[in-house]
Amino acid sequence: MNRPTISSVSSARSSPQHQQSTQTHRLQNGEANMTDSRLGTSAASAESAAVDLNAPVDLPNRIDVADLNIFYGDFQAVENVSMTINPQSITALIGPSGCGKSTFLRSLNRMHEVINGAYVKGSVLINGHDLYGPSVDPVAVRRKIGMVFQRPNPFPTMSIADNVLAGMRLNSRRTNRPDAEDLVEKSLRGANLWNEVKDRLGKPGSSLSGGQQQRLCIARAIAVSPDVLLMDEPCSALDPISTLAIEELMLELKSNYNIVIVTHNMQQAARVSDRTGFFNIEGTGKPGKLIEMDATEKIFSNPGEQETQDYVTGRFG
C-alpha cells in the first residue's frame, strides 16, 4: 500500500515548486493532454487556511449522520458513526480492510440493504430528510445518491450511448431522440469521455479500456442528475494514467456534487479530498468505528488520535 509520509503530504498540497515538478513529470510521461486542475492548489490552500473545513456548510445536499449503527442480522458491522459530509467537496474514507468503511458508504444510499437481514439504527439526513424514514422508498434514495463501484461495470451488451441512458430508462423516464442524444453528450462531456468516444457511440461499452469504462459508469451515474456521488475504491483496478484521469474528473465534479470516496490509497486521499475520515476495527468480529475525521491535511500531518497517526505512517494496516 502506498502511504505518504507526514512531511510529504503537507508539501505536496502546498508547495508550488512541487506542483511544477509534478506537472513536468506528467508531461514527460505522455500526459500532456490531461488538464492539471491541481495547478493553483497552493493559492487555494492559502485561501482555505482561514476556513474551518469541519464546520457544517449551509448548502443543499449536506449529509448529516448521527449515531449510525449498521447490522447484518445479529452481526454489527459499524458502530456509532456520526459525521457531517459537506456539499461541493470530496470526503475520503480510509482504514484497513474490514473496518466497515465500504459498508458505511453503501448505507448512505441504502445499497447495503440488498443483503438479507441488513438494517440500521440511527439517522442519515440529507437536506434535513431522514433517508431511513418509514415512508422513504430506497429506490428513490438511490436515484438521488449515485454509486460508482470498485470495478467498472458497464452493461456489456449495451452500446456506449445506451449505457449512459440506462439509468434514466430503468427509472421509466422517457425522452425523445434529440433529448436523449443531448443527454448522452452532456453526460459523457461531464465524465471527460466525449472526445474519446463521440465517433463510436454505437459500439459496446465493454469495448472501452478499463479507465474509459469507469468514466462511462460515472457518466451513467450523473445522467440521472443525482445530488451525491459515492465512489467505492473507483481506481483500485486501474493503471496510474487512468487513475489520474479519474482523480482529475473528481476534482472537476465536486463543484456540482457532494462526493464521498472509499480508498486504500493514502496518496490518493491526500491528493483529492478536502476532509478524511479514518475507520478502524478492534479485531475480527468487532464492529468498525470512525476514529477521527478532520481536514485532510491535518489527518496526514497532525492527526488528533494515535491510531490515526499509526495508520497513515504505515505502522499497521
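Heads up: the structure comes first, above all this text.
Quick look at the structure, then. Computed from a predicted model, the values in this text were never measured in an experiment. (Residues numbered from 1 in each chain as written. Predicted model: local features only at pLDDT ≥ 70, side-chain atom pairs only at ≥ 80, totals over all residues. Heavy atoms only, no water.)

**Observations regarding the side chain of T308**
Phase 1 of the analysis: The residue T308 is located in helix α13 (residues 306-312) in this model.
Phase 2 of the analysis: Taking relative accessible area as the criterion, T308 reaches 0% and is therefore assigned buried.
Phase 3 of the analysis: Not counting the four nearest positions on each side in its chain, T308 is found in contact with F278, I291, E292, I299 and P303. (Helix = DSSP H or I, 4+ residues; strand = E, 2+ residues; numbered from the N terminus. Buried < 20%, exposed > 50% of the residue type's maximum accessible area, 1.4 Å probe, protein only. Contact = heavy atoms within 4.5 Å.)

**Points about helix α10 (residues 240-253)**
Phase 1 of the analysis: Between the first and last C-alpha of α10 there are 20 Å, a value that for 14 residues agrees with the 20 Å anticipated at 1.5 Å per step.
Phase 2 of the analysis: Burial of α10 is extensive: 11 of the 14 residues sit out of reach of the surface.
Phase 3 of the analysis: All of the buried residues in α10 are S242, T243, L244, A245, I246, E247, E248, L249, M250, L251 and L253.
Phase 4 of the analysis: N-cap assignment for α10: the residue whose side-chain oxygen lies 3.0 Å from the backbone N of I241 is D239. (Expected span 1.5 Å × (residues − 1). Polar contact = N/O pair within 3.5 Å; in protein donor to acceptor, adjacent residues only side chain to side chain.)

**Notes on the pattern of salt bridges**
Phase 1 of the analysis: One pass over the full model with this rule turns up 14 salt bridges.
Phase 2 of the analysis: Put simply, E79 and K289 hold a salt bridge, and the shortest N to O gap is 3.5 Å. One end of the pair, E79, is in strand β2 (residues 75-85); the other, K289, is in strand β10 (residues 288-295), and 210 residues separate them in sequence.
Phase 3 of the analysis: The exposure class assigned to E79 is partly exposed, which follows from its relative accessible area of 23%.
Phase 4 of the analysis: For E185, the salt bridge goes to R189, with nearest N and O atoms at 2.9 Å. Of this pair, E185 and R189 are both found in helix α7 (residues 177-190), 4 residues apart, which corresponds to roughly one turn of the helix. (Salt bridge = Lys/Arg side-chain N within 4 Å of Asp/Glu carboxyl O.)

**A closer look at the packing of aromatic side chains**
Phase 1 of the analysis: As enumerated under the stated definition, the model contains 4 aromatic pairs in all.
Phase 2 of the analysis: Ring centres 4.9 Å apart and planes at 10 degrees place the aromatic pair F71 and Y119 in the stacked group. In this pair, F71 is assigned in strand β1 (residues 63-72) and Y119 in strand β4 (residues 118-126), connecting sequence segments 48 residues apart.
Phase 3 of the analysis: According to the relative accessible area criterion, F71 is buried, its value standing at 11%.
Phase 4 of the analysis: Assessed through its relative accessible area of 35%, Y119 is described here as partly exposed.
Phase 5 of the analysis: Cluster of aromatic residues (ring-pair linked, three or more members): F278, Y311 and F316. (Phe/Tyr/Trp six-rings, centres within 6.5 Å; stacked < 30°, edge-to-face > 60°.)

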